[in-house]
Amino acid sequence: MKLIAIVVAVASAAFLALSQGQVNALPLYVPVSGFILAGLLWLAREISIFLRIFMGMYALGYLLVAGAKTLASFGLVPEALEALVPPAFMATASVSFAALVYGVSFVPVVRTITNLADPYFYSVRSGAENFGWFGRLFGSEGRVAVAMVAIIIATNFVQVGLNIKFNLWYRDLFDALQNKNADAFWYQIWWVFIPLLVFWIIFQLLDFTVDTIFRIRWRQWLTEHYFSRWLDRSTHYKMGVAGQNADNPDQRISVDVASFIASTMTLSTQMMAQLATLVSFTVLLWGLSEGFTFPGTAVVVPGLLVWVAAAYSLVGTVLTHLIGRPLIRLDFLQEKFEANFRFSLARLREYGEQVALLRGADAEKANLRGSFADVITNVIDILKRRLKIEGFRFSWQQMSVAFPYLFMGPYFFLERITLGQLQQGAQAFNQVNASLSFFISAYTTLASYKATVDRLVTFEEAMGRAETIGTVPPHIERKQAPDNALAIRNLKIDLPNGQRILEIDRLDLKAGEPVLVNGPSGSGKSTLFRALAGIWPYGSGEVDVPEGRTVMLLPQRPYIPQGNLRDAISYPAVAGTYDDAVIKAVLATVGLPALIDRLDDDENWGQRLSGGEQQRLAIARALLAKPDWLLLDEASSALDEKSERLVYKAIATMLPDTTIVSIGHRSTLAAFHARRIDLQPMEDGVSRPVETERVPVPAG
Ligand SMILES: Nc1ncnc2c1ncn2[C@@H]1O[C@H](COP(=O)(O)OP(=O)(O)OP(=O)(O)O)[C@@H](O)[C@H]1O
């Protein structure tokens, strides 16, 4: 940005020095506004990168227009191209647009949006990875993104320029008609309209292609950014435990990201194009209004047509705003209700068997009916509101077609304007009105955009809060210790509401000494394991874990991901980590020989396997992963005693270097552990380890 600011300042000085004294000298306001632009660009060093791209493109626009005008003042622009040089005021208009962008960068809601949008433009991933030679040209993907937005903005500018040329074409075409000049008419068709049309198509296609590629890649990046952040450091788990106010993260990551990107691009580029259209056509319309008197009087009003268009749009905008305001809240609610309904259905699929066994269909139907009723009631509210807005919008827009003719018609009959000017005026009036009423037509988009932005912001905030849980003292500190031991010092475990449930002053678990943790239900055994595994964020004290050693925890209800059986067994290792022969041997060891030939089968294994089979599968994972420490939280509770014994024996034989720590209620488990720790709730409601006993490890 600094460089662009310096270039603009130097160029403006050059324009000033060079063009003065020429016959067609550049108006003084052009270099002066150039200096202002340089100042703005300098100030804008710290604003959002997304907005800086827009400012940069306005700076480029300024340099092109002012540069071309300076060349023209020396007579250096070939005659054929002279018609393409925009008027000098466009250079200054670019400066005012840049000022506007700089100004809006301070508006809170714009800041919120750019905070969501900016990270992609800083992506350091290699551009070549996704964009081939184009990416290699710019280095990082972030820079490719900047270039693509710049191209999109440039194509939009060209389209506005072409629009102006079309407007002039209207005037000349209709004047040729009024004068019954066939040569001029055909010239306008073949040599003006057709070339304009070709350019128009080329730029439309370019805009469409770059815009589409950009949106797809941005969505890929942002989606990945969100689900990585959500999953990293157990943030998704902490958000659930802490009850963070961010319902349906799945919807935020899938639907909201997509619509945020679509609307950000549509609204920002449209706004920019509308602004450029507005300024250019306002100037045109102002020029056309010369000599127009206020209807019914002899009073000349400068720029009368501009004022009429402005008044027309203003009334429309205010009324639309009043009618459409409730849509923002309704759109927000709609997203939420849809997501709740989808989630209920997905959950039902997951727990189909339990619901069928409990004959819960009626209860589920009532539940689904309830959440779907929310969806429908809100849809109806939205439709009612939309009907009002659309009804108004359609009538207002349709009226705007005839309105300029109604207004300008009398001037034509008084022969103050030609037919071409009437046509040009009507077209310019509609362009000005369309730009001014951009807010009117974009109202529904803006409303749902605001809802989307809110949902992403609350999601980011919830993730931010969850990321800090358990990181500020007092918290459970997890230290890496050189000894191969798990040590607990002054550990206090709390619930999210601050209630203390467990206290352990000192506990040392040594390698090679299997430990059984007992205690009544609810005494905090699982929560202790969560703290040992480093995912429980509430409490204080210290947990020392052996440096460079692996700790694996098997919960009572194993998680079985979607996909084939091989992937389910290898989890959390990536598919292909283990040889099929090894997997098959392990399956036989844990008592699942029937699954040996089904490694490629893609089924819903979480529902297909019995509770005991799922636990065996989880133990098979541990046998494959060979952790240094294995924490078994009632991980074999669904097995019969004999199978449980076999499984424990298999662990002891196949993982001789692994230390196991188990939670279990069965007395038979004691035989596989050298030490027992009882967590007992005390009178103050806090559990403490009251009794530890050592027993000789049984052979075999
Ligand atoms: N995320 C949570 N939010 C609030 N309370 C929780 C949460 N997780 C656990 N608790 C509470 O903490 C207490 C201890 O739970 P924990 O699961 O550790 O007990 P446990 O000793 O393993 O029980 P069981 O033997 O029945 O499995 C319980 O009262 C439980 O309701």
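All figures in this text were calculated on a predicted structure; none of them were measured in a lab.

Peer 1: So what exactly am I meant to see when it comes to the overall build of the protein chain here?
Peer 2: Tallying secondary structure elements over the protein chain gives 24 helices and 10 strands in all. Here the protein chain has a C-alpha radius of gyration of 36 Å; the compact-globule value for 700 residues is 27 Å, and the former is much larger. Principal-axis analysis of the C-alpha atoms gives the protein chain an extent of 110 × 60 × 55 Å. Split into buried and exposed, the 700 residues of the protein chain put 36% on the buried side. Across the protein chain, every contact between residues at least 6 apart in sequence was considered, and the portion connecting residues at least 24 apart equals 75%.

Peer 1: How should the UniProt feature "transmembrane region" (unreviewed entry) in the protein chain be read in this particular structure?
Peer 2: Here, UniProt's "transmembrane region" (unreviewed entry) annotation points to residues 29–45, 57–77, 89–110, 144–164, 184–210, 271–288, 300–323 and 394–414. Helix makes up 88% of residues 29–45 and strand 0%, and the two end C-alpha atoms of the span are 25 Å apart. Across residues 394–414, helical content stands at 95% and strand content at 0%; the span's end C-alpha atoms are separated by 32 Å.

Peer 1: Teacher, can you tell me more about the site of the ligand here?
Peer 2: Around the ligand, the neighbouring residues are Val241, Leu495, Pro496, Ile501, Gly519, Ser521, Gly522, Ser523, Gly524, Lys525, Ser526 and Thr527. It is helix α19 (residues 525–533) that provides the largest number of residues to the shell around the ligand, a total of three residues. Looking at side-chain class alone, the shell around the ligand contains four nonpolar, seven polar and one charged residues.

Peer 1: For this particular structure, what's the right way to read the environment of Val160?
Peer 2: Along the chain, Val160 turns up in helix α8 (residues 141–178). Spatially, the C-alpha atoms of Val160 and Leu275 are 9.7 Å apart, while their sequence positions differ by 115 residues. Ignoring sequence-local partners within four residues, the contact set of Val160 consists of Ala273, Ala276, Thr277 and Ser280.

Peer 1: Mind showing me how you'd approach the pairing of strand β3 (residues 500–510) here?
Peer 2: Look at any regular strand and the pattern is simple: side chains alternate between the two faces of the sheet. Sheet analysis places strand β2 (residues 485–494) next to β3, joined by nine bridges and oriented antiparallel. Looking across to β3, one finds that Ala485 is bridged to Lys510. Between β2 and β3, which pair antiparallel one after the other, the connecting turn spans five residues, and Gly498 there sits at a positive phi close to 95 degrees.

What counts and how
- Residues numbered from 1 in each chain as written.
- Predicted model: local features only at pLDDT ≥ 70, side-chain atom pairs only at ≥ 80, totals over all residues.
- Helix = DSSP H or I, 4+ residues; strand = E, 2+ residues; numbered from the N terminus.
- Rg over C-alpha atoms; globule rule 2.2 N^0.38 Å.
- Buried ≥ 20, exposed ≤ 12 C-beta atoms within 10 Å, placed from the backbone.
- Contact = placed C-beta atoms within 7 Å.
- UniProt positions renumbered as here; feature names shortened; annotations may be inferred.
- Near = placed C-beta within 6 Å.
- Nonpolar A, V, L, I, M, F, W, Y, C, P; charged D, E, K, R; others polar.
- Pairing = 2+ DSSP bridges.

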